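Descriptive structure summary
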Amino acid sequence: MRPTSFPAFLSLLAALASPGADAYTPLTNSLLKSLPQPKASDYNVTSGGLLAPLLIPRVPGSEGQRRAQAHLADFFRSRLPQWELLWQNSTATTPAANAKHVPIANLILRREPPWTKRRGPGETGYLTLVAHYDSKREPEGFVGATDSAAPCAVLMDVARAVEGYLVRKWKHEEEEDKKTGKGSRALSWQGVQILFLDGEEAFVSWTDTDSLYGSRSLAEEWESTTHPAMSTFKNPLQQISLFVLLDLLGAKNPQIPSYFQNTHWAYQRMAALEGRLRQLGLLESEQPPKQFLYEGGKAAAAFTGRSFIGDDHVPFMMRGAPVLHLIPSPFPDVWHTMQDDGEHLDIATVKDWTRIVTAFTLEWMDVQNSEPKGNGP
């Protein structure tokens, strides 16, 4: 990723894509306290079941890429078999490949209410959580712990943490539907989608064609894939309710601005959850000078639309998807250096990102009203 100019027409496009703040019930303190706690053993940099297998070079076309793919896919197949697992494959020629085609493979995981597929494709909106799993080709041996092994581990853990809440929510809705006879009006049509994107990094130097290989391929394919005429959503791209991109996370005291006015309301929701988790003593990292998400009070006039950071959200945003970009500014000191390894991660901060994104996902999915009374006020 890199800082990039942001033409005015893209600002307009992003604004037109704004979905508005759909109403949902804030999580109670009791439910926040009930959240599964990230396990230290999962984040051990040499033996952790989630993180350690990703702390290797993961350049597209390499053995490390294949090992990372296997780790991600095997986790969902063995731990979360109810999640639909899909691959979107393509190839690309790069400035470093001497015209040879390099394999690019995006991994897509989906969890949605059991009744949505009975209506066919294109009926579910997805909260879409995203990180790239490839690593930079140079310097040789670059691991990319913040960029983005740690964010991938966070999203694996988030999926595991939210599963039980989603099952209870959908069971509750089906039971209520049977009692009231309201039909689909009593049912939710929102799911969770996780994208592990490949080929984010440039092979030689960042340009519009030497970067974002996986996200460019997937966004283009989703835009051109047409659902049946009577579907709620015309194509998979329109099914993205919010595109939440995690990148360069895992260093101590990250500072995450709110980049886009049209999703500032979502940023504020996540910032509020971070603040509450801190007040309840549920975050593990040292109290930073400012919250990670420190711009909850940012005014609309402060959004100038003059600059943003080039990253995997761009091909989706250009096609209208609303984006919440969780990337620090400034970048971590270890960015694109050999020091971006497991030893330079702040594991308490990594685990706190799991807690924050888990809480945001559950609040977005509106699980509060289907939780047992013990998770009430």
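Residues numbered from 1 in each chain as written. Predicted model: local features only at pLDDT ≥ 70, side-chain atom pairs only at ≥ 80, totals over all residues. Heavy atoms only, no water.

If you look the chain up in an unreviewed UniProt entry, it shows as Peptide hydrolase from Remersonia thermophila.

The next thing to look at is the overall build of the chain. Looking only at helices and strands, the chain features eight helices and eight strands. The C-alpha radius of gyration of the chain comes to 20 Å, within 12% of the 21 Å expected for a compact globule of 377 residues. Taken along its principal axes, the extent of the C-alpha atoms in the chain is 65 × 50 × 50 Å. Per-residue burial for the chain yields a buried fraction of 58% across its 377 residues. Across the chain, the fraction of contacts at a sequence separation of at least 24, relative to all contacts at a separation of at least 6, is 79%. Summing over all exposed atoms, the chain offers an accessible surface of approximately 15,600 Å²; the carbon and sulfur share of this is 52%. Measuring between centres, the 37 positive side-chain charges of the chain sit 6 Å from its 42 negative side-chain charges. (Helix = DSSP H or I, 4+ residues; strand = E, 2+ residues; numbered from the N terminus. Rg over C-alpha atoms; globule rule 2.2 N^0.38 Å. Buried < 20%, exposed > 50% of the residue type's maximum accessible area, 1.4 Å probe, protein only. Contact = heavy atoms within 4.5 Å. Areas by Shrake-Rupley, 256 points an atom, 1.4 Å probe, with all protein chains shown as cover. Lys, Arg positive; Asp, Glu negative; His and termini not counted. Charge placed at Lys NZ, Arg CZ, Asp CG, Glu CD.)

Summarising the element assignment, Ala251 is placed in the loop between β6 (240–246) and α6 (264–279). The exposure class of Ala251 is buried, given its relative accessible area of 19%. In this structure, the C-alpha to C-alpha distance between Ala251 and Leu86, residues 165 residues apart in sequence, is 31 Å. Residue contacts for Ala251: discarding those within four places in its chain leaves Thr146, Pro332, Asp346 and Thr349.

A rise of 1.5 Å per residue sets the reference length of helix α5 (residues 213–224), with its 12 residues, at 16 Å; its end C-alpha atoms lie 17 Å apart and thus fit the reference within 8%. All of the buried residues in α5 are Tyr213, Gly214, Ser215, Ser217, Leu218, Ala219 and Trp222. (Expected span 1.5 Å × (residues − 1).)

The next subject is the confidence of the model for the chain. Averaged over the chain, the pLDDT score is 91; the fraction of residues at 70 or greater is 91%. Segment residues 5–21: pLDDT under 50, and 28 contacts once partners within four positions in sequence are set aside and those in other chains are kept. (pLDDT = per-residue confidence, 0-100.)

As a further point, take unusual backbone geometry. In this structure, the amide linkage connecting Glu138 to the following residue, Pro139, adopts the cis form with an omega of 0 degrees. Turning to its location among the elements, Pro139 is positioned in the loop between β4 (125–132) and α4 (145–180). With an omega dihedral of 0 degrees, the bond running from Asp147 to Ser148 counts as a cis peptide bond. Checked against the element boundaries, Ser148 lands in helix α4.

So, about the sheet that holds strand β3 (residues 101–111). A sheet is described by the order of its strands in space; here six strands give the open sequence β2-β3-β5-β4-β6-β8, paired in mixed fashion. Edge strands, defined here as strands with exactly one partner in the open sheet, are β2 (84–93) and β8 (323–326). With direction set aside, neighbouring strand axes in the sheet form an average angle of 20 degrees. Relative to strand β5 (residues 190–197), β3 is paired through five bridges, and the arrangement is antiparallel. Bridged to Arg110 within β5 is Gln193. The strands touched by helix α3 (residues 63–79) are β2, β3 and β5; relative to β2, the strand with the most contacts, the crossing angle is about 165 degrees. (Pairing = 2+ DSSP bridges. Axes fitted to C-alpha atoms, helices over the stretch in contact; angles between N-to-C directions.)

This part covers the pairing of β8. Here β8 shows two buried faces, one formed by Val323 and His325 and the other by Leu324 and Leu326. Note: β6 against β8, four bridges, orientation parallel. Counted as the bridge partner of Val244 is Leu324 from β8.

Attention now moves to the packing of α3 against α4. Each pair of packed helices gets described by two things: the angle between the helix axes and the distance between those axes. Look at α3 against α4: their axes get within 11 Å of each other, and the N-to-C directions meet at 10 degrees. Between α3 and α4, the crossing angle belongs to the class labelled roughly parallel. Taken together, the residues of α4 that come into contact with α3 (itself represented by His71, Leu72, Phe75, Phe76 and Arg79) are Met156, Ala159 and Arg160. Looking at the contact of α3 with α4 residue by residue, the classes come out as five nonpolar, one polar and two charged. (Parallel < 35°, antiparallel > 145°, perpendicular 65-115°, else oblique. Nonpolar A, V, L, I, M, F, W, Y, C, P; charged D, E, K, R; others polar.)

Right, let's talk about the environment of Leu35 for a bit. With respect to the helices and strands, the residue Leu35 is situated in the loop between α2 (29–34) and α3. On the basis of relative accessibility, which here comes to 6%, the residue Leu35 falls in the buried class. Once residues lying within four places of it in the same chain are set aside, the contact partners of Leu35 are Tyr165, Leu277, Arg355, Thr358, Ala359 and Leu362.

Under the criterion given, the structure shown has 11 aromatic pairs. Measuring from centroid to centroid gives 6.0 Å for Phe360 and Trp364, while their planes differ by 40 degrees, and the two rings are tilted. Of this pair, Phe360 and Trp364 both sit in helix α8 (residues 347–364), four residues apart, which is roughly one turn of the helix. By relative accessible area, Phe360 is classed as buried at 1%. Using a relative accessible area of 10% as the deciding quantity, one classes Trp364 as buried. Linked through ring pairs, Phe75, Phe76, Trp83 and Phe196 together constitute an aromatic cluster. Arg278 extends its terminal NZ or CZ atom over the ring of Phe292, reaching a point 4.6 Å from the ring centre. The aromatic ring of Tyr294 is capped on one face by Lys290, whose charged end is 4.1 Å from the ring centroid. (Phe/Tyr/Trp six-rings, centres within 6.5 Å; stacked < 30°, edge-to-face > 60°. Lys NZ or Arg CZ within 6 Å of the ring centre and 35° of its normal.)

Now for the nonpolar core. If you look at the biggest cluster of nonpolar residues, it comprises 72 residues, and the most contacted ones within it are Phe76, Phe196, Leu326, Trp353 and Phe360. Beyond its immediate sequence surroundings of up to four residues, Phe360 is in contact with Leu127, Leu242, Val244, Ala266, Arg269, Met270, Leu273 and Leu324. Ala202, Leu218, Phe316 and Met317 belong to the second largest nonpolar core, which has 26 residues in total. (Core = buried A, V, L, I, M, F, W, Y, C linked by side-chain atoms within 4.5 Å.)

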